[in-house]
Structure formats: C-alpha cells, structure tokens
Amino acid sequence: MTDRNDSAEPEHADEPRPERERPGGRRSDPLSSLDPVAAYERRTSRIREEIARNRRGEYTVPTWVLALALAAVIAVWILVLFVL
C-alpha cells in the first residue's frame, strides 16, 4: 500500500516483528522452542488473545461440557421414567 509520499510500507509498520518469525507465527529456529523467555511470551500472548476473544463474545462452550450436560439430562430422564 502506498501513502501520499508514494512510499511502499506495510500497513502495520510501527509494530515490531522479529526477523526470525515466519508468517504463520512459527519461528524458523528450532532452539527457540527451548527458550523459556520466548515460551513465556508466546503463552502470555495466547492468553491475552483468548481473553480478548471472550470479551468480544466469541466464547464457545467446549464439546465435552455439552456432551456431559446431555448425558446428565438423559440420565435424569431415564431415572424419572424407570425408577420413580
């Protein structure tokens, strides 16, 4: 994208981007996964992104919770039909 001065810059030029990071979000260095500081930064960024998604209303209930709720409803229904 070009601006008024016809200089081709990325839209988010003010955001720092590590030079070793690939577009998919993975680093090209295999030892970066062993770096505890990098692991901490990745984990905190994932947590912040999840909190932001939840605040926007993009929260979804996990499938195992829905399956457990369905099993409980069916168990109560069977209990009412055959025991009581």
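Read on for an overview of the structure.

Conventions used here
- Residues numbered from 1 in each chain as written.
- Predicted model: local features only at pLDDT ≥ 70, side-chain atom pairs only at ≥ 80, totals over all residues.
- Heavy atoms only, no water.
- Helix = DSSP H or I, 4+ residues; strand = E, 2+ residues; numbered from the N terminus.
- Buried < 20%, exposed > 50% of the residue type's maximum accessible area, 1.4 Å probe, protein only.
- Areas by Shrake-Rupley, 256 points an atom, 1.4 Å probe, with all protein chains shown as cover.
- Salt bridge = Lys/Arg side-chain N within 4 Å of Asp/Glu carboxyl O.
- Patch = residues over 30% accessible without salt bridge, like charges linked within 9 Å, V, L, I, M, F, W, Y side chains within 5 Å.
- Polar contact = N/O pair within 3.5 Å; in protein donor to acceptor, adjacent residues only side chain to side chain.
- Expected span 1.5 Å × (residues − 1).

This part is about the overall build of the protein chain. Broken down by element type, the protein chain carries two helices and zero strands. When each of the 84 residues of the protein chain is scored for burial, the buried share is 4%. Roughly 8,200 Å² of accessible area belongs to the protein chain as shown, and the carbon and sulfur atoms make up 59% of that amount.

This brings us to the pattern of salt bridges. Overall, the coordinates contain one salt bridge when judged by the stated rule. For the salt bridge of Arg 56 with Glu 58, the shortest nitrogen-to-oxygen distance reads 3.1 Å.

Okay, a nonpolar patch on the surface next. On the surface, Leu 70, Ile 74, Val 76, Trp 77, Ile 78, Leu 79, Val 80, Leu 81, Phe 82, Val 83 and Leu 84 cluster together to form a nonpolar patch covering roughly 1,200 Å² of accessible area. Within the secondary structure, Ile 78 is located in helix H2 (residues 63-82).

Position of Thr 44 relative to the elements: it lies in helix H1 (residues 36-55). At a separation of 3.0 Å, a polar atom in the side chain of Thr 44 contacts the main-chain carbonyl oxygen of Glu 41.

Let us look at H1. Over its 20 residues, H1 runs 28 Å from end to end, which matches the ideal 28 Å to within 8%, given 1.5 Å per residue. One or two steps after H1, the chain reaches Gly 57, where phi turns positive at roughly 95 degrees.

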